[in-house]
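One letter stands for each residue in the lines below.
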Amino acid sequence: QVQLVESGGGLVQPGGSLTLSCAVSGLSLNYHAVSWFRRAPGPEREEVACISRRGETTYYAVSRKGRFTISRDSAQSTVYLQMNSLEPEDTAVYYCATDPSPEGTYGCVDARLFGSWGQGTQVTVSS
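Residues numbered from 1 in each chain as written. Predicted model: local features only at pLDDT ≥ 70, side-chain atom pairs only at ≥ 80, totals over all residues. Heavy atoms only, no water.

S.K.: Is there a simple way to think about the pairing of strand 9 (residues 92–98) in this case?
M.R.: On a regular strand, each side chain points to the face opposite its neighbour's, so the side chains alternate between the two faces of the sheet. By the criterion of burial, strand 9 is predominantly enclosed, with 6 of the 7 residues buried. Pairing between strand 4 (residues 34–39) and strand 9: 6 bridges, direction antiparallel. Each residue of the ladder has a partner; that of Val 34, found in strand 9, is Thr 98. Bridging between strand 9 and strand 11 (residues 121–125) involves 3 bridges; their strand directions are antiparallel. Note on strand 11: the bridge partner recorded for Tyr 94 is Thr 121. With 2 bridges joining them, strand 9 and strand 10 (residues 116–117) adopt antiparallel strand pairing. The residue of strand 10 that forms the bridge with Thr 98 is Ser 116. (Buried < 20%, exposed > 50% of the residue type's maximum accessible area, 1.4 Å probe, protein only. Helix = DSSP H or I, 4+ residues; strand = E, 2+ residues; numbered from the N terminus. Pairing = 2+ DSSP bridges.)

Set out below in structure tokens:
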């Protein structure tokens, strides 16, 4: 019953910008954290950024501060990832995820344990 749908991906030139959206249904963003992950071809999954139920943000190594920005519109149940100064190494499938439990057991520190994931949106950075 909890669903996350990513959108906004596409092809962008190096140095360009892109904003991804994560539409969340079945829960309130005021009670659940949402995190962005990405997976490039290869074995690793990278955590990008997370926003807590209180609206606090956390950024990880792949998103340098001032380049990526996570935000939300709770009324629209949507989380955004604004990406600037994109580089070819940012090419990946981007996913959003949340903890679907009514209690919201897991916060951003445990985002890797989130149980609800979207299908992802492809971001390709290339000239």
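S.K.: What exactly am I supposed to notice about the side chain of Thr 121 here?
M.R.: Turning to its location among the elements, Thr 121 is positioned in strand 11. Of the polar contacts made by the side chain of Thr 121, one reaches the backbone nitrogen of Gly 9; its length is 3.1 Å. Here Thr 121 is in contact with Glu 6, Ser 7, Gly 8, Gly 9, Leu 20, Ala 92, Val 93 and Tyr 94, once residues within four sequence places are set aside. (Polar contact = N/O pair within 3.5 Å; in protein donor to acceptor, adjacent residues only side chain to side chain. Contact = heavy atoms within 4.5 Å.)

S.K.: Please explain the packing of aromatic side chains as it appears in this structure.
M.R.: The geometry of an aromatic ring pair is captured by the separation of the ring centres together with the interplanar angle, meaning the angle of the planes. Enumeration over the complete set of coordinates arrives at 2 aromatic pairs. With a centroid separation of 4.7 Å and an interplanar angle of 45 degrees, the aromatic rings of Phe 37 and Trp 117 are classed as tilted. Of this pair, Phe 37 sits in strand 4 while Trp 117 is found in strand 10, placing the two residues 80 residues apart along the sequence. A residue is classified by how much of its surface remains accessible, and Phe 37, at 0% relative accessible area, is buried. With relative accessibility at 28%, the residue Trp 117 sits in the partly exposed group. Through a chain of ring-to-ring contacts, the aromatic side chains of Phe 37, Tyr 95 and Trp 117 assemble into a single cluster. The ring of Phe 37 is capped by Arg 45, whose NZ or CZ atom sits 4.9 Å from the centre of that ring. (Phe/Tyr/Trp six-rings, centres within 6.5 Å; stacked < 30°, edge-to-face > 60°. Lys NZ or Arg CZ within 6 Å of the ring centre and 35° of its normal.)

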